[in-house]
Amino acid sequence: MIHCCFVGPIKDVRLKDLVFDFHRRSQKLWPFTILEVPEDPKDLRAWITAKSGKGDWISLDAHGKSMDSTAFCGWVTAHSRDLYFMAWGADGPPKGLELPAAQSISLSTLTFNHEVARFILVEQLYRAGALLRGHPYPR
């Protein structure tokens, strides 16, 4: 199962609609949830601790591993456990917060606001699922 964990709500209604449209499409291709997680660092730490050990953690980070869409598809499917993608708020992860054995990936070398980055993540997950099923979307 893939879990996209968004710290705080998406405020831009247009982006929210796009994220949920691609989420709806993705659910037809593989198990996929969107979770809105607590913004308060103390509550967020408790939430992460409760989920610890239940899957692999991936932090979206401009300095993380970079890959193209095909490599991303292979990378996602190579994991046999649940994936928890953490998309942080505007200020990134709270200081001192550590994810359990997290990996970092970069969606681009460009800088995006956190709401656009969330859309890019969900679209790339849909693209990966479509690639796996031979769907014409990725061409």
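Calculation notes
Residues numbered from 1 in each chain as written. Predicted model: local features only at pLDDT ≥ 70, side-chain atom pairs only at ≥ 80, totals over all residues. Heavy atoms only, no water. Pairing = 2+ DSSP bridges. Helix = DSSP H or I, 4+ residues; strand = E, 2+ residues; numbered from the N terminus. Axes fitted to C-alpha atoms, helices over the stretch in contact; angles between N-to-C directions. Contact = heavy atoms within 4.5 Å. Expected span 1.5 Å × (residues − 1). Buried < 20%, exposed > 50% of the residue type's maximum accessible area, 1.4 Å probe, protein only. Arc of directions from axis to C-beta. Phe/Tyr/Trp six-rings, centres within 6.5 Å; stacked < 30°, edge-to-face > 60°. Lys NZ or Arg CZ within 6 Å of the ring centre and 35° of its normal. Polar contact = N/O pair within 3.5 Å; in protein donor to acceptor, adjacent residues only side chain to side chain.

Moving on to the sheet that holds strand S1 (residues 2–7). Within a sheet, each strand pairs with its neighbour through backbone hydrogen bonds, oriented either parallel or antiparallel. Ordered by their spatial adjacency, five strands build an open sheet running S2-S1-S4-S3-S5, and the pairing between neighbours is parallel. Where the open sheet ends on each side, the last strands, each with one partner, are strand S2 (32–37) and strand S5 (103–106). The sheet shows a mean angle of 30° between the axes of neighbouring strands, taken without regard to direction. Pairing analysis gives five bridges linking strand S3 (residues 55–66) to S5, with the strands arranged parallel. Pairing of Ser-66 across the sheet is with Ser-106, part of S5. Helix-sheet contacts for helix H1 (residues 13–27) involve S1 and S2, and the interaxial angle to S2 is about 145°. The strands touched by helix H2 (residues 41–51) are S1, S2, S3 and strand S4 (82–87); relative to S4, the strand with the most contacts, the crossing angle is about 165°.

Another aspect to go through is H1. Quick reminder: α-helices carry 3.6 residues per turn. Residues three or four places apart thus point the same way. Under the 1.5 Å per step criterion, the end-to-end length of H1 is 21 Å for 15 residues, consistent within 8% with the ideal 21 Å. All of the buried residues along H1 are Leu-15, Val-19, Phe-22, His-23 and Ser-26. Along H1, the residues classed as buried sweep out an arc of 105° about the axis, all on the same side. Opposite the packed face of H1, turned more than 90 degrees from it, sit the exposed residues Val-13, Arg-14 and Asp-17.

Let's shift gears to the packing of aromatic side chains. The full count for this structure, using the stated rule, is nine aromatic pairs. When the ring of Tyr-126 is compared with that of Tyr-137, the centres are 4.8 Å apart and the planes differ by 65°; the resulting orientation is edge-to-face. Of this pair, Tyr-126 sits in helix H4 (residues 114–133) while Tyr-137 is found in the segment after H4, placing the two residues 11 residues apart along the sequence. Each residue in the set Phe-22, Phe-119, Tyr-126 and Tyr-137 is aromatic and connected to the rest through ring pairs, giving one cluster. Positioned above the aromatic ring of Phe-22 is the side chain of Arg-25, whose terminal nitrogen or guanidinium carbon lies 4.4 Å from the ring centre.

Glancing now at the side chain of Ser-106. Among the structural elements, Ser-106 can be located in strand S5. The buried category is assigned to Ser-106, whose relative accessible area is 6%. In terms of polar contacts, Ser-106 uses its side chain to reach the backbone carbonyl oxygen of Ser-108, at 2.8 Å. Sequence-distant contacts of Ser-106, that is, excluding residues within four places in its chain, are made with Asp-61, Ala-62, Gly-64, Lys-65 and Ser-66.

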